[in-house]
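Structural description and commentary
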Amino acid sequence: MSGTRQVRYRLYIDWDFDGTYTDESAYLESARGDMRLTPPAEAITGGSGIISSMSLTLRNPAGRFSPLRTDGALYAYLAGGGGYHVPCYMEVSINGGTNYYRVFTGVLKLPQESTLTTRENPLVNIEARSREELILQQRISSPRLSFQQLHDTGSTEADYIYDWLSRAGISAGDMTLDPGLFRIPFGWLDDESPIEEAWNIAAACGGRLYCDADGEFIYENLAHWETATRSTTSQATFTRDDFANLTIRYDDSEIYNVVTVEAAPRVAGGSDIIWQSDDQIAIEPGATLPFVARYDTPTYTVSGYEFSARTAGGWDATSDISATVTYYAQRAEFEFTNSGDEKAYLTSFLILGVPVVGAPEQEQTRTSADDGANSAWFADRGTRTKSVRGNPYIQTPAHAGTLAQFMLNRLEYPRVTMLLSGAHGVPALRLSDKITVTDASTLTSSTAAIVTAIAWSLSFRGGFTQEIEAVQVSSLYPNTGNYFIVGTHALGSSRRVFF
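One structure accompanies this document, and this report is about it. (Residues numbered from 1 in each chain as written. Predicted model: local features only at pLDDT ≥ 70, side-chain atom pairs only at ≥ 80, totals over all residues. Heavy atoms only, no water.)

A look at helix α4 (residues 157-167)
Among the residues making up α4, those that are buried are E157, A158, Y160, I161, D163, W164 and L165. Contacts made by the buried residues of α4 are with α3 (144-152), β9 (175-177), α5 (194-204), β10 (208-211) and β11 (217-220). Following α4 by one or two positions, G169 adopts a phi angle in the positive range, close to 100°. (Buried < 20%, exposed > 50% of the residue type's maximum accessible area, 1.4 Å probe, protein only. Helix = DSSP H or I, 4+ residues; strand = E, 2+ residues; numbered from the N terminus. Contact = heavy atoms within 4.5 Å.)

Quick word on the pattern of salt bridges
Per the stated rule, a full pass over the model turns up 18 salt bridges. E127 is paired through a salt bridge with R129; the nearest N and O atoms lie 3.6 Å apart. Exposure remark for E127: the relative accessible area of 31% places this residue in the partly exposed category. Linking R167 and D163 is a salt bridge whose minimum nitrogen-to-oxygen distance equals 3.1 Å. Here R167 pairs with D163, and both are found in helix α4, just four residues apart, close to one helical turn. R167 gets classed as partly exposed once you look at its relative accessible area, which sits at 35%. Taken together, the shared-partner salt bridges in this structure form one network comprising D190, R294 and R331. (Salt bridge = Lys/Arg side-chain N within 4 Å of Asp/Glu carboxyl O.)

Things to note about the packing of aromatic side chains
One pass over the full model with this rule turns up 20 aromatic pairs. Here F147 and F186 contribute two aromatic rings whose centre-to-centre distance is 5.8 Å and whose plane-to-plane angle is 35°, an arrangement assigned as tilted. Of the two residues, F147 sits in helix α3 while F186 sits in the loop between β9 and α5, which places them 39 residues apart along the sequence. Of the two residues examined, F147 and F186, each falls in the buried class. Aromatic side chains Y305 and F307 sit 6.2 Å apart centroid to centroid with 5° between the ring planes, which places their arrangement in the stacked category. An aromatic cluster is built from W275, F291, Y305, F307, F334, F336 and F349, whose rings are joined through pairwise contacts. Above the ring of Y256, the side-chain terminus of R384 is found at 5.0 Å from the ring centroid. In this structure, R410 is placed above the aromatic ring of Y477, and the distance from its NZ or CZ to the ring centre is 5.3 Å. (Phe/Tyr/Trp six-rings, centres within 6.5 Å; stacked < 30°, edge-to-face > 60°. Lys NZ or Arg CZ within 6 Å of the ring centre and 35° of its normal.)

Have a look at this one:
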């Protein structure tokens, strides 16, 4: 590596949540961050996304960042854990450029403080997480009407992701979602984390959902690396002068010549009792009692509920009980009010409707011998089988077949992964960007790769560097650059239909 670069940076924190950010750059000693995609071969079976992180080390003169010093400049904001989930962002500019690029957007965790010693100045370390952190612990249930409408309108994975993130408070302007490729007949939340279920449905469709360095929630569908401009046009070139070391690795942990994907269809059943109380429910006189009825399966429609009530002496008290109800996909939340003078017991309570039930599972299998292009390689290496089962969002044979073929093409060849260590940092670089790598000692020619992970480091002495992990483009799709794109290519061309 050679050359000297000018690195400028800005750290902004919104201490009082009012949308006005304070520039804390003067106190920054160092920072590091990490953002990565779920490995391409593991996304479908892994499900969970990866939350980006940043670690800050701040100089703490006069106790500015101390939550226990009443004379500290930020004490009013930090006392009693006030620094938790405070919005922040970091941006970097290289070589005096006027453009600053975000390298992290998210929220702070609570500070960890170290005191003044004879060897060290007082410092504060603060961890930060990307914006998924804000909704990770939320629990949301899909309204029954929304559940039905999403089914009736032929919704794809992108529609469900939008619905769930919106219910978690994420605005449309903070989402950039690729079009969905798979129709998912039934999808819902039942007191579940919206981001975790959104990760799961994205993975079930071969896509990726994450929050990027700019703070946007990004959904990339199965075809993203073949269609997105930043993934098809190189965004940066790294030569031997731009990094300290290049490590090339073949991934042999995920090599298979047989892939089986199970579809678990769901259908609307017949009108039936969808829930019935097993025990009597007691309601005090003049009181209102909340009650949750949770069904075994979601309900496509609810036609109503029935109950009867009696007192301890056996008198009919049904007319004394009134109820209000809110229906969700897999639960109903009631409030019962007893206007009578005696305690009443619900002796019969049931809900009627049309449940969504499971149909027999169906499997789709693809093999290198019949559907692939590398069967000869496995002739001396035996059969290796990859099975995907139990994913609730793979509900149709067409969906399962597409995934099986996609995974076979991805997994029947060992994939090449590159790790650029100590690279000159490019703050504009994003996950899923295409880059070009040149190194005559290890590569015969320049190689195109897709960025799957970036770990960055920023300090006064070390400047701005990155560790970049990328997967070779030629190992991602069997017909890279030769797929038919609607609105781009003419009918009758020799281009292939995408899976």
